[in-house]
Amino acid sequence: MENAEVARVLGEIADLLELTGGNAFKVRAYRRAAQVIDVHPGSISELCREGRVAELPGVGAHIAAKIGELVETGECREHARLSALVPPGVLDMLRLEGIGPKTVEAVWKTLGITDVAALEAACRSGRVLDAAHVGPTRARAILGAIERQRGRAGRMLLHRALGYAAPILERLRTVPGVRRAEVAGSLRRRKETIGDLDLLVASDDAAPVVRAFTGLSGVTAVLAEGPTKASVRLRAGIQADLRVLAPGSFGAALHYFTGSKSHNIAIRTRAMKRGLKISEYGVFDRQGRVIGGAAEEDVFRAVGLPFIPPELREGMGEIEAAEAGRLPRLVEESELLGDLHVHSRASSDSRSELAEIAASAGTLGRRYVAITDHSRARPLGLDAPRLAEHAAAIRALDARLGGRPHLLAGVEVDVLPTGALDLPEEALAGLDCVVASIHSHLADPAARNTERIVRALRSGVVHVLGHPTGRQLGTRDAYALDLERVLDVAREEDVALEVNAMPERLDLTDAGCRAAKAAGVPVVISTDAHDATQLANLRYGVWVARRGWLEAKDVLNTLPLAELRRRLRRRGATARTAPGR
Ligand code: DGT
Ligand code: CA
Ligand code: CA
Ligand code: ZN
């Protein structure tokens, strides 16, 4: 069973418990376990089989047993029992942004509203005002949340889509006659959200491939089926499209079905101008003879262009850049030497020991890791004396590790609503890496948010602005912000912007990366790991940076440690020499 599936069931148990007046501690425990499992880089099913699932943070013996039951039987009795108590549409209401169980319970139990459509109608007619806790402001907020959810509906986060695609590809590769099986579409372009899965297989014998595909255990409905293609609906609610091609057409098909549509149109127009035709079956000359198609390079060669990486194929200037020989040499995961935003058990929401983080980072080949735990404004965050103690512990371990890997003493300091930092500047000035982030009052207007961040950047002690726009994919939009102004100040103050690699953040966005590069502001790609295993999530951030046209030279944590330190130290120097400090 896929991680996303396990996480979904645990998350629903939390929702159901909450709606049926279950113990708040239990609700939180299920929700936290769901979050941890959702972003866990390895297979939960496997961890379960090895009897190690309780090693995950937030997974105690009780929840571990539920996961075991799920993985073994595909079902969970506790989930079924609770589901019988609540109409399914009521859970959808609970998932609306900013609407809690109290409100949902009130509209459900006093007005008999059991789905989002009825809730919307009741908000429009004003009937919803008859429920407890609901006034006109709340009613307007509910309508806004329904609209935003509608805008996001039907798309799945990249990491989940990859989690569903991987076992399907693995299965298809075992079908006799199959030479290759790959993802195409937005999944191959590594877009942050995915509408449906597009899968391509190279084989001379399509029938058994189609049969294996429609017969997959996760398939709940076969939507279409032909001799060389099929579309199915998966248990996860997402659609998957399969095409089987002769090996001689595979490259052309891979190009065609990778898209994007606007990239394809531009390529085909270019081909037509050269008297060629490009389709999913191959490249054809004026006489209709095949002149290529086995390899994707054939397509680009036919139109006189170098290979364009899938992440750039959005019709956003990549063809012009290729033509001019100015395609970026996109940053690769192997070029990232370290991670500059990692939590240890000094943050209440992590329980990894420093030694564990170091070991895990070493295994992943990282040369340095900055430990950046939360400051006071976060639950149980560090105050100045505890931060100093923690930094000393980090440095002591660093000395023992002898560079395998190097540990940097840092902090993730909260930017308060006023723009002041949550710790005194003296407490921050000596640290190797200060990440400043906003975690509260996200609904403020743009001018206010912008000035709040600008003030933090002007402090002279910040190295990195953490998850700069605050969005959480699928649940929370970015806060209003004048990014251009933030970038201008970041350049003046020599502050880097973070691409947060947590799968539901991916913030900065791809477009933000391009804007940063244009403004001459460096980027760092960090995991924000809340558990040592999450250090492996760096790849998601790398994909965002690649979609944002970034090269190694645009990303600070591709620098060797000595050079990185020199870059970061400049910051501290400014702080010490700035007037009035
Ligand atoms: P998604 O699924 O919404 O995340 O986005 P895509 O890009 O995966 O779109 P999808 O699944 O509709 O189609 C996959 C690729 O197939 C798309 O990127 C380009 C190609 N394609 C599909 N339909 C058309 C079409 O009507 N014209 C052209 N030129 N290409 C198409
Ligand atoms: Ca697709
Ligand atoms: Ca599709
Ligand atoms: Zn963090």
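Residues numbered from 1 in each chain as written. Chains lettered and ligands numbered in written order. Predicted model: local features only at pLDDT ≥ 70, side-chain atom pairs only at ≥ 80, totals over all residues. Heavy atoms only, no water.

What follows concerns helix H22 (residues 510–519). Three or more residues of H22 are buried, namely Asp510, Gly512, Cys513, Ala515, Ala516 and Ala519. Residues of H22 that are buried in the fold lie against helix H21 (483–493), strand E16 (496–500), strand E17 (523–526) and helix H23 (538–547). Positive backbone phi, at 75°, marks Gly520, one or two positions downstream of H22. (Buried < 20%, exposed > 50% of the residue type's maximum accessible area, 1.4 Å probe, protein only. Helix = DSSP H or I, 4+ residues; strand = E, 2+ residues; numbered from the N terminus. Contact = heavy atoms within 4.5 Å.)

Okay, the pairing of strand E7 (residues 239–245) next. Among the seven residues that make up E7, six are buried, leaving the element largely enclosed by the rest of the structure. Here strand E4 (residues 197–202) runs beside E7; their pairing, made up of six bridges, is parallel. Across the sheet, Asp198 pairs through a bridge with Asp241, a residue of E7. The sheet contact formed by strand E6 (residues 229–234) and E7 spans five bridges and is antiparallel. Residue pairing across strands places Val232 opposite Ala240, the latter belonging to E7. If you look at the hairpin formed by E6 and E7, you'll find four residues sitting between the two strands, and Gly237 has a positive phi there, around 95°. (Pairing = 2+ DSSP bridges.)

Around the calcium ion (ligand 3), the protein supplies Asp196 (OD), Asp196 (OD), Asp198 (OD) and Asp241 (OD) as donor atoms, at distances of 2.3 to 2.7 Å. Sequence spacing of the donor residues for the calcium ion (ligand 3), all on one chain, is D-x1-D-x42-D. Separating the calcium ion (ligand 3) from the calcium ion (ligand 2) is a gap of 3.7 Å, bridged by Asp196, which donates to each. Here the residue Asp196 occupies a position in the loop between strand E3 (193–194) and E4, and Asp241 occupies one in strand E7, the gap between them amounting to 45 residues. Its relative accessible area of 21% is what places Asp196 among the partly exposed residues. (Donors = N, O, S within 2.8 Å, 3.2 Å for Na, K, Ca; no water.)

Next up on the list: the domain arrangement of the protein chain. Here the protein chain is partitioned into domain 1 (3–152), domain 2 (156–245), domain 3 (251–323) and domain 4 (333–568). Distance between the C-alpha centres of domain 3 and domain 4: 39 Å. On the side of domain 4, five residues touch domain 3, which itself brings eight residues to the contact. Taken as a group, Glu311, Leu312 and Met316 account for 72% of the area that domain 3 buries against domain 4, more than any other trio of residues on that side. Between Arg547 and Glu314 there is a salt bridge; the shortest N-O distance is 2.9 Å. Here domain 3 and domain 4 share three residue pairs in polar contact (both at pLDDT 80 or more) between them. Residue composition of the side of domain 3 that touches domain 4, by class: four nonpolar, one polar and three charged. (Domains from an automatic or database assignment. Buried area = accessible area lost by both parts, 1.4 Å probe. Salt bridge = Lys/Arg side-chain N within 4 Å of Asp/Glu carboxyl O. Polar contact = N/O pair within 3.5 Å; in protein donor to acceptor, adjacent residues only side chain to side chain. Nonpolar A, V, L, I, M, F, W, Y, C, P; charged D, E, K, R; others polar.)

Here the focus is the site of ligand 1. Taken together, 16 residues sit near ligand 1, with Arg155, Ser186, Gly195, Asp196 and Arg268 positioned nearest. Computed on the free molecule, ligand 1 has an accessible area of 590 Å², of which 71% lies beneath the protein chains in the complex. Elements with a contribution of two residues or more to the shell around ligand 1: helix H11 (185–188), helix H13 (250–258) and helix H14 (261–273). Considered class by class, the residues forming the shell around ligand 1 number three nonpolar, seven polar and six charged. Lining the shell around ligand 1 are residues from two domains, each supplying at least three of them: domain 2 (156–245) and domain 3 (251–323). (Near = heavy atom within 4 Å. Areas by Shrake-Rupley, 256 points an atom, 1.4 Å probe, with all protein chains shown as cover.)

What follows covers the confidence of the model for the protein chain. Taken residue by residue, the protein chain gives an average pLDDT of 93. The fraction at 70 or more is 98%. Counting contacts from residues 572–581, a segment whose pLDDT is below 50, to residues more than four positions away or on other chains yields eight contacts. (pLDDT = per-residue confidence, 0-100.)

On to the pattern of salt bridges, then. Using the criterion set out here, one finds 47 salt bridges in the structure. The partner of Arg160 in a salt bridge is Asp38, and the shortest N-O contact between them spans 2.6 Å. Of the two residues, Arg160 is situated in helix H10 (residues 158–173) and Asp38 in helix H2 (residues 24–38); the sequence distance between them amounts to 122 residues. When its relative accessible area of 8% is taken as the criterion, Asp38 is described as buried. Put simply, Glu2, Glu5, Arg8, Glu12, Asp15, Glu18, Arg31, Asp92, Arg95 and Arg235 are held in one network by salt bridges that share partners.

Ranked by size, the top nonpolar core spans 97 residues in total, and within it Leu197, Phe213 and Leu428 carry the most contacts. For this core, the element with the highest residue contribution is H10, accounting for eight residues. The residue makeup of this core includes at least three contributed by each of domain 2 (156–245) and domain 4 (333–568). If you look at the next biggest cluster of nonpolar residues, it comprises 53 residues, including Val36, Ile44, Leu91 and Ala139. (Core = buried A, V, L, I, M, F, W, Y, C linked by side-chain atoms within 4.5 Å.)

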